[in-house]
Amino acid sequence: MPATVMRGFAANFLGNAPAWYKQTIVLFLVINPICLWLAGPAFTGWLLVGEFIFTLAMALKCYPLQPGGLLAIEALLIGMTTPDALYHEILTNLPVIMLLMFMVAGIYFMKELLLVTFTQILVGVRSKSALSLLFCAAAALLSAFLDALTVTAVIISVAVGFFSVYHKVASGKGYHHTDHNAHSDDSVIELHRSDLNEFRAFLRSLLMHGAVGTALGGVATMVGEPQNLLIAKVVGWDFATFFSQMLPVSLPVLVAGLTTCWLLEKLRWFGYGTRLPKPVRRVLEEFADNERKKRTKADQAALWIQAFAAVVLVVGLAMHLAEVGLIGLLVIILITSFTGITDEHQIGKAFQEALPFTSLLVVFFAIVAVIHEQHLFTPIIDFVLSLPIEQQPGMFFIANGLLSMISDNVFVATVYISEIKQALEAGAIDRAHFERLAIAINTGTNLPSVATPNGQAAFLFLLTSAIAPLVRLSYGRMVWMALPYTLVMGSVGLFCVINFI
């Protein structure tokens, strides 16, 4: 316990983050005003961007909202940007904020349907290669129309549920035993340890295939990732136009990604290829059958309502009947009304996943406002635009991809699409070339960013979820397992950007 009030303040600051991390953030906050006074706003602006990217890269040490938010507040206080500029950024990107608030919450109420779908795939397909391909393809399809975070959350829920079931059995208990710690192997019977470790490797590979699938599908539509909608709004594309514009890149990458999935399972490279042990399969099939028998008529009716809402969602998005966030709100109202979910606190749980990231997005916009006010990226954009016109989309793809690997793809896309929009308005590029660069930015931030958990919210969500320690999925192992996908998706994406757009 802290001995003094000052030590109490130090202990409370940024909670459980390491001491060196807390000291680094304090150092940032101290040197920024000094650098502004000594070196000017341009240098301090770049320093602030670097500091913010550091908080994104260290997201596992501390959620970036707090340290990034402190940096954003300081930027406002020392005059690097203004509250009006931040408010303008928020107004411009209001559709993205509505997407995160309402669409993610809407899909939350469809979790039962998604859980049933992935459970049937897991216990119904015996070939590991076919199962992995189905998991990856299903995640891609769902992420194209739903939210990648929610799809990942569903896959995690299925994996946690099945791992807990077998861990109980391996510990000599029934799978409906309520008091059990799946994080400890102390009670696991020696006979079952080998099967349990193989099951861990089996689930790791499925989780990674599923996470990559969310990136393969997420790049294709304006609702697949938060930055997609932001790019679509800046360029002026509706759902169908966005899909058709991305198709020359997204379709070849999808085929290449699914082929990579199949080859990894066949060749058993990079930690893939582990089969589901027969004793584990028997336990899971028995459990799934028992859960199906327990399903009441009311539960079945709820699944039908969720399926109907899914159809409404897809039709609404495809025909652009309303703003994306409003369609998400429609889904919330439909499902909750016809499934009996009317308690305020029960509804409130649906918004818990989205609002922290929504808050972080507003902090993104504060840093973007600094970049705009200080014209930090103008020299970079001018340099790329000075290259031969046929080289520019490829350079944008590479620049966005590399930066997205170490920071966050939403932040990177927000910065670059805003900068080329200014170039369009200034007459530096024409409309057709602006759209080609927008395709390069969208694909560049979506595809190579699978390299690290920092790059995509779905990957970071997986790494920080309850399933990661259960199946021994560390940061390093995640990077290693993502490496073949990074190389294939990045190279195929770059080739398509250079040759097809």
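Data block above holds the structure.
Reading guide: rules and limits
- Residues numbered from 1 in each chain as written.
- Predicted model: local features only at pLDDT ≥ 70, side-chain atom pairs only at ≥ 80, totals over all residues.
- Heavy atoms only, no water.
- Helix = DSSP H or I, 4+ residues; strand = E, 2+ residues; numbered from the N terminus.
- Rg over C-alpha atoms; globule rule 2.2 N^0.38 Å.
- Buried < 20%, exposed > 50% of the residue type's maximum accessible area, 1.4 Å probe, protein only.
- Contact = heavy atoms within 4.5 Å.
- Areas by Shrake-Rupley, 256 points an atom, 1.4 Å probe, with all protein chains shown as cover.
- Lys, Arg positive; Asp, Glu negative; His and termini not counted.
- Charge placed at Lys NZ, Arg CZ, Asp CG, Glu CD.
- Core = buried A, V, L, I, M, F, W, Y, C linked by side-chain atoms within 4.5 Å.
- 1 Å grid on protein atoms, 1.4 Å probe; cavity = no way out; pocket = protein on both sides within 12 Å on 5 of 7 lines; lining within 4 Å.
- Points joined across faces, edges and corners; volume = space filled by probe spheres on them.
- Nonpolar A, V, L, I, M, F, W, Y, C, P; charged D, E, K, R; others polar.
- Axes fitted to C-alpha atoms, helices over the stretch in contact; angles between N-to-C directions.
- Parallel < 35°, antiparallel > 145°, perpendicular 65-115°, else oblique.
- Patch = residues over 30% accessible without salt bridge, like charges linked within 9 Å, V, L, I, M, F, W, Y side chains within 5 Å.
- Salt bridge = Lys/Arg side-chain N within 4 Å of Asp/Glu carboxyl O.

*Asks:* Even after reading the chapter, I still don't get the overall build of the chain, so can you show me in this structure?
*Replies:* Scanning the chain for helices and strands turns up 24 helices and zero strands. Taking 501 residues into account, the globule formula puts the C-alpha radius of gyration at 23 Å, and the chain, at 23 Å, falls close to it. When each of the 501 residues of the chain is scored for burial, the buried share is 54%. Once local pairs closer than 6 in sequence are excluded, the contacts in the chain between residues at least 24 apart make up 76%. About 20900 Å² of surface is accessible on the chain, with carbon and sulfur atoms providing 66% of the total. Counting 29 positive and 32 negative side-chain charges, the chain places the centres of these two groups 14 Å from one another.

*Asks:* Sorry if this is basic, but what is going on with the nonpolar core here?
*Replies:* When a protein is soluble and globular, its nonpolar side chains tend to lie buried together. Membership of the largest hydrophobic core comes to 157 residues, with the highest contact counts inside it found for Phe199, Phe396, Phe411, Ile417, Leu462 and Met489. Residues in contact with Met489, not counting those within four places in the same chain, are Val212, Ala215, Leu216, Val253, Leu447 and Val450.

*Asks:* Even after reading the chapter, I still don't get empty space enclosed by the protein, so can you show me in this structure?
*Replies:* Leftover empty space is mapped by rolling, across the atoms, a probe with the size of a water molecule. The full count for this structure, using the stated rule, is two cavities of 30 Å³ or more. In this structure, the second largest cavity spans a volume of roughly 50 Å³. In terms of lining residues, the second largest cavity is bounded by Leu122, Phe135, Ile155, Val158, Ala159, Leu203, Leu206 and Leu207. For the lining of the second largest cavity, the residue count by class is eight nonpolar, no polar and no charged.

*Asks:* Explain the side chain of Thr445 to me, please; I cannot follow it from the model alone.
*Replies:* Along the polypeptide, Thr445 turns up in helix α21 (residues 431–446). Excluding its chain neighbours within four sequence positions, the residues that come into contact with Thr445 are Gln227, Asn400, Ser404, Asn409, Val412 and Ala413.

*Asks:* Just to check I follow, could you spell out the packing of helix α2 (residues 19–39) against helix α4 (residues 65–77) for this structure?
*Replies:* A pair of packed helices is captured by two measures, namely the crossing angle of their axes and the spacing between those axes. In contact at an axis separation of 10 Å, α2 and α4 are set at 10 degrees when each is read in the N-to-C sense. Comparing the axis directions of α2 and α4 gives the class roughly parallel. Contacts between α2 and α4 involve Tyr21, Ile25, Phe28, Leu29, Asn32 and Pro33 on the former and, on the latter, Pro67, Leu70, Leu71 and Glu74. Taken together, the residues of the contact of α2 with α4 sort by class into eight nonpolar, one polar and one charged.

*Asks:* Explanation requested: a nonpolar patch on the surface in the structure shown.
*Replies:* Residues Val26, Val30, Ile34, Trp37 and Leu38 make up a contiguous nonpolar surface patch of roughly 560 Å² in combined accessible area. Considering the arrangement of structural elements, one finds Ile34 in helix α2.

*Asks:* Sorry if this is basic, but what is going on with the environment of Phe434 here?
*Replies:* Residue placement: Phe434 occurs in helix α21. Judged by its relative accessible area of 0%, Phe434 is buried. Apart from residues lying up to four places away in sequence, Phe434 is in contact with Val234, Val235, Ile420, Lys421, Leu424 and Ile429.

*Asks:* Is there a simple way to explain the layout of surface pockets in this structure?
*Replies:* Volume-wise, the largest pocket comes out at about 840 Å³. Taken together, 27 residues line the largest pocket, and the ones lying closest to its centre are Glu112, Leu115, Val116, Glu291 and Arg295. Of all the elements in the fold, those that place two or more residues in the lining of the largest pocket are α7 (111–124), α9 (148–170), α13 (278–294), α14 (297–318) and α15 (324–339).

*Asks:* Looking at this model, I keep getting lost on the pattern of salt bridges. Mind explaining?
*Replies:* Pairing between side chains of opposite charge can happen when their charged atoms approach one another. One pass over the full model with this rule turns up six salt bridges. Measuring nitrogen to oxygen at the nearest pair gives 2.5 Å for the salt bridge that ties Arg292 to Asp289. You can see Arg292 and its partner Asp289 sitting in helix α13, three residues apart, about one turn around the helix. In this structure Asp289 comes out as partly exposed when scored by relative accessible area, which is 29%. Measuring nitrogen to oxygen at the nearest pair gives 3.2 Å for the salt bridge that ties Asp289 to Lys293. Remark: Lys293 and Asp289 occur in helix α13; sequence separation between them is four residues, near one turn of the helix. Judged by relative accessible area, Lys293 falls into the exposed class, the value being 61%. Several salt bridges share partner residues, and in doing so they unite Arg126, Arg281 and Glu285 into one network.

Treat this as a map of the structure, not an account of what it does.
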